[in-house]
Amino acid sequence: EPEVTQTPSHQVTQMGQEVILRCVPISNHLYFYWYRQILGQKVEFLVSFYNNEISEKSEIFDDQFSVERPDGSNFTLKIRSTKLEDSAMYFCASMKEAANGYTFGSGTRLTVV
Amino acid sequence: RKEVEQDPGPFNVPEGATVAFNCTYSNSASQSFFWYRQDCRKEPKLLMSVYSSGNEDGRFTAQLNRASQYISLLIRDSKLSDSATYLCVVFSSGGYNKLIFGAGTRLAVHP
């Protein structure tokens, strides 16, 4: 069964540092997403990406965040200057069409110290 | 009102029990609905889509009431392996841009 692959599985970074979270969506999917889940809280939408551009972003996705699909296979989330409150599980997801829902990657646990 | 609201849980049930989860959503224009399952510290996994006519997948039955903006999930003959958090999920209206997640209901099935 096709998978969404995320790396690394766990990243520890110092406050103020830049991090890049990587994702390889399923190859024939067209819609790409990042979500985050702070420990003990619900899954929150960050950004959606379609046709090589952001289609929607949440209030969480401020100027410190950016996404890229540099080579047609990878989909990255960059946080420029991490804050303690950015500590969370970050999930990448991709979708072919709405009726099928999303497929999520296994997540990257980001710990900002 | 929250966009997607679920039973707070947790539900603690014995093996073999039938358990029902409820969910309400606020946006009447929402078009697509799902139940996801999330194990501790893992990614959400699609359990089933929810169709207007109701649908069944083995021991799982999902129902949608558009008039009441209400979604349900019924699990029959609970197994230990059903222990997880069940997430009610709604596509935001106006397109396929994002899923809105409920906070989830935790289910613990005990022997």
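The structure displayed is predicted, hence computed values, not measured ones.

## Structural notes on the sheet that holds strand β1 (residues 4-6) of chain B
Residues and elements named next belong to chain B.
Part 1: One open sheet holds the five strands; their spatial order is β1-β3-β8-β7-β6, and the pairing between them is antiparallel. Lying at the two open borders of the sheet, with one neighbouring strand each, are β1 and β6 (55-57). In this sheet, adjacent strand axes meet at a mean angle of 20 degrees when their direction is disregarded.
Part 2: For β1 and strand β3 (residues 19-25), the ladder comprises three bridges, and the chain directions are antiparallel. The partner of E5 across the bridge, within β3, is T24.

## Some words on the environment of B:P14
All names here are of chain B.
Part 1: Take P14: it is sitting in strand β2 (residues 11-14).
Part 2: Note on P14: relative accessible area 40%, which makes it partly exposed.
Part 3: Taking the C-alpha atoms as reference points, P14 and A108, 94 residues apart in sequence, are found 8.4 Å from one another.
Part 4: If sequence neighbours within four positions are ignored, P14 has contacts with S78, V109 and H110.

## Focus on the state of the cysteines
Part 1: Applying the stated rule across the entire model yields two disulfides over all chains.
Part 2: Here A:C23 pairs with A:C92 through a disulfide, and the sulfurs are 1.9 Å apart. In this structure the cystine formed by A:C23 and A:C92 twists about its S-S bond by roughly -65 degrees; its chirality is therefore left-handed. Of the two residues, A:C23 is situated in strand β3 (residues 19-24) and A:C92 in strand β9 (residues 88-95); the sequence distance between them amounts to 69 residues.
Part 3: With a relative accessible area of 1%, A:C23 lands in the buried category.
Part 4: Taking relative accessible area as the criterion, A:C92 reaches 0% and is therefore assigned buried.
Part 5: Linked covalently through their sulfurs, B:C23 and B:C88 form a disulfide whose S-S length is 1.9 Å. Around the S-S axis, the bridge from B:C23 to B:C88 shows a dihedral of about -75 degrees and counts as left-handed. Taken together, the residues span a long stretch of sequence, with B:C23 in strand β3 and B:C88 in strand β9 (residues 84-91) at a distance of 65 residues.
Part 6: The buried category is assigned to B:C23, whose relative accessible area is 1%.

## Description of the pattern of salt bridges
Residue and element names in this part refer to chain B.
Part 1: Across all of its chains, the model carries six salt bridges over all chains by this definition.
Part 2: Between R37 and D39 there is a salt bridge, with its nearest N and O atoms 2.9 Å apart.
Part 3: Assessed through its relative accessible area of 19%, R37 is described here as buried.
Part 4: Looking at D39, the relative accessible area reads 29%, which means it is partly exposed.

## What about the packing of aromatic side chains?
Part 1: Scanning the entire structure with this criterion turns up 22 aromatic pairs over all chains.
Part 2: Look at A:Y33 and A:Y35: their rings are 6.4 Å apart centre to centre, the planes differ by 45 degrees, and that puts the pair in the tilted class.
Part 3: With a relative accessible area of 1%, A:Y33 lands in the buried category.
Part 4: The exposure class assigned to A:Y35 is buried, which follows from its relative accessible area of 0%.
Part 5: Ring geometry for A:F104 versus B:F101: centroids 5.9 Å apart, planes at 70 degrees, classification edge-to-face. Pair noted here: A:F104 is in strand β10 (residues 103-104) and B:F101 is in strand β10 (residues 99-101), and the two residues belong to different chains. We note that A:F104, like B:F101, is buried.
Part 6: Through a chain of ring-to-ring contacts, the aromatic side chains of A:Y33, A:Y35, A:F45, A:F91, A:Y102, A:F104, B:F34, B:Y36, B:F91 and B:F101 assemble into a single cluster.

## A short note on the confidence of the model for chain A
Part 1: Counting all residues, the mean pLDDT for chain A is 93, and 98% of those residues have values of 70 or more.
Part 2: Mean pLDDT across the secondary structure elements of chain A bottoms out at strand β6 (residues 53-57) of chain A, with 91, and peaks at strand β11 (residues 108-112) of chain A, with 98.

## Looking at the side chain of B:R37
All names here are of chain B.
Part 1: Position of R37 among the secondary structure elements: in strand β4 (residues 33-38).
Part 2: A polar side-chain atom of R37 sits 2.7 Å from the main-chain carbonyl oxygen of S81.
Part 3: Beyond its immediate chain neighbours, meaning those up to four positions away, R37 contacts E43, P44, K45, L47, S81, D82, S83, A84, T85 and Y86.

Cut-offs and rules
Residues numbered from 1 in each chain as written. Chains lettered and ligands numbered in written order. Predicted model: local features only at pLDDT ≥ 70, side-chain atom pairs only at ≥ 80, totals over all residues. Heavy atoms only, no water. Pairing = 2+ DSSP bridges. Helix = DSSP H or I, 4+ residues; strand = E, 2+ residues; numbered from the N terminus. Axes fitted to C-alpha atoms, helices over the stretch in contact; angles between N-to-C directions. Buried < 20%, exposed > 50% of the residue type's maximum accessible area, 1.4 Å probe, protein only. Contact = heavy atoms within 4.5 Å. Disulfide = S-S within 2.5 Å. Salt bridge = Lys/Arg side-chain N within 4 Å of Asp/Glu carboxyl O. Phe/Tyr/Trp six-rings, centres within 6.5 Å; stacked < 30°, edge-to-face > 60°. pLDDT = per-residue confidence, 0-100. Polar contact = N/O pair within 3.5 Å; in protein donor to acceptor, adjacent residues only side chain to side chain.

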